[in-house]
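# Commentary on secondary and tertiary structure
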Amino acid sequence: DTGVSQNPRHKITKRGQNVTFRCDPISEHNRLYWYRQTLGQGPEFLTYFQNEAQLEKSRLLSDRFSAERPKGSFSTLEIQRTEQGDSAMYLCASSLPTGGLTREQYFGPGTRLTVT
Amino acid sequence: GQQLNQSPQSMFIQEGEDVSMNCTSSSIFNTWLWYKQDPGEGPVLLIALYKAGELTSNGRLTAQFGITRKDSFLNISASIPSDVGIYFCAGDLNQAGTALIFGKGTTLSVSS
């Protein structure tokens, strides 16, 4: 399978705990995106990497959220001191580096976070 | 922030019927994308549109990029049970392709 992969698929945590999610993009894609999706809504943009550089962050990305892509390949999204409002599906997407196809973003299966 | 208005919110149709859904925005978009999402899964890209007036097909799916660049529609012909799911439109404001803005989705139910 050469699509975007995400781990874990499901995470249940207690309020106040830290969690980390991993995303492995499609191998030839150098752009990587994180989105959050809550029930009944479309995905909302969180942040974007081109190679290892984090180029854009949404105001939704509070100080408790941090994303990294240290070698320009896989990425991690960490949430510190989780709150119940962080419960959502966290989606990763990737896209090709140049031309019009940069706008075609391919999504992984997501990580469902439940904060109790 | 920017929002896409997607309609209808839900549709209940019989197998074999054609379906039409659309998205509108107050902003001009450079790209329109249509995705389908099954429960518990990530969105799957169906069709990408890059030019105003562009009409693109993918099997039984046809989508168009509105002339004003503020709207797009998706048609599904001869629906089948596996068409069930949530359909999202997404727009890209930037030429470079960064953050996508999504509509709230159209939930499609197909009865056989």
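Numbering of residues starts from 1 in each chain and follows the order in which that chain's sequence is written. Lettering for chains starts from A, numbering for ligands starts from 1, and both go in the order in which the items are written. Only residues with pLDDT of at least 70 get local features here, since the model is predicted, and only at 80 or more are side-chain atom pairs given and counted; chain-wide, interface and lining totals rely on the full set of residues. The side-chain numbers reported here are obtained from all heavy atoms of the structure, hydrogens and water having been left aside.

### Overview of the state of the cysteines
When the sulfur atoms of two cysteines come within 2.5 Å, that pair is taken as a disulfide. Counted under the stated rule, the structure contains two disulfides over all chains. With its sulfur 1.8 Å from that of its partner, Cys23(A) forms a disulfide with Cys92(A). Given an S-S torsion of about -70 degrees, the disulfide between Cys23(A) and Cys92(A) has left-handed geometry. In this pair, Cys23(A) sits in strand S3 (residues 19-24) while Cys92(A) sits in strand S9 (residues 88-95), placing the two residues 69 residues apart along the sequence. Here's how the labels work: a residue is buried when its accessible area is under 20% of the maximum for its type, exposed when over 50%, partly exposed in between, all with a 1.4 Å probe on protein chains only. Judged by its relative accessible area of 0%, Cys23(A) is buried. For Cys23(B), the disulfide goes to Cys89(B), at an S-S distance of 1.5 Å. With the S-S bond torsion at -65 degrees, the cross-link from Cys23(B) to Cys89(B) turns out left-handed. Taken together, the positions of Cys23(B) in strand S3 (residues 19-25) and Cys89(B) in strand S9 (residues 85-92) put the pair 66 residues apart, joining distant regions of the chain. Helix and strand labels come from DSSP, where a helix needs a run of H or I of at least four residues and a strand needs a run of E of at least two; each type is numbered from the N terminus.

### Side note on unusual backbone geometry
Here Asn7(A) and Pro8(A) are connected by a cis peptide whose omega angle stands at -10 degrees. Despite not being glycine, Arg69(B) has its phi angle at roughly 65 degrees, a positive value. As for its position among the elements, Arg69(B) is in the loop between strand S7 (61-65) and strand S8 (71-76).

### Considerations on the environment of Asn75(B)
Residue and element names in this part refer to chain B. Within the secondary structure layout, asparagine 75 lies in strand S8. For asparagine 75, a relative accessible area of 27% corresponds to the partly exposed category. Non-local contacts of asparagine 75, meaning those with residues more than four positions away in its chain, are made with Val19, Ser20, Arg60, Leu61 and Thr62. Whenever two N or O atoms come within 3.5 Å, that pair is a polar contact, provided that in protein one can donate a hydrogen and the other can accept it, and provided that, for residues adjacent in sequence, both atoms are side-chain atoms. One polar contact links asparagine 75 to serine 20, side chain to side chain, over a distance of 2.7 Å. Contact between two residues is taken to exist if any of their heavy atoms lie within 4.5 Å; hydrogens are not considered.

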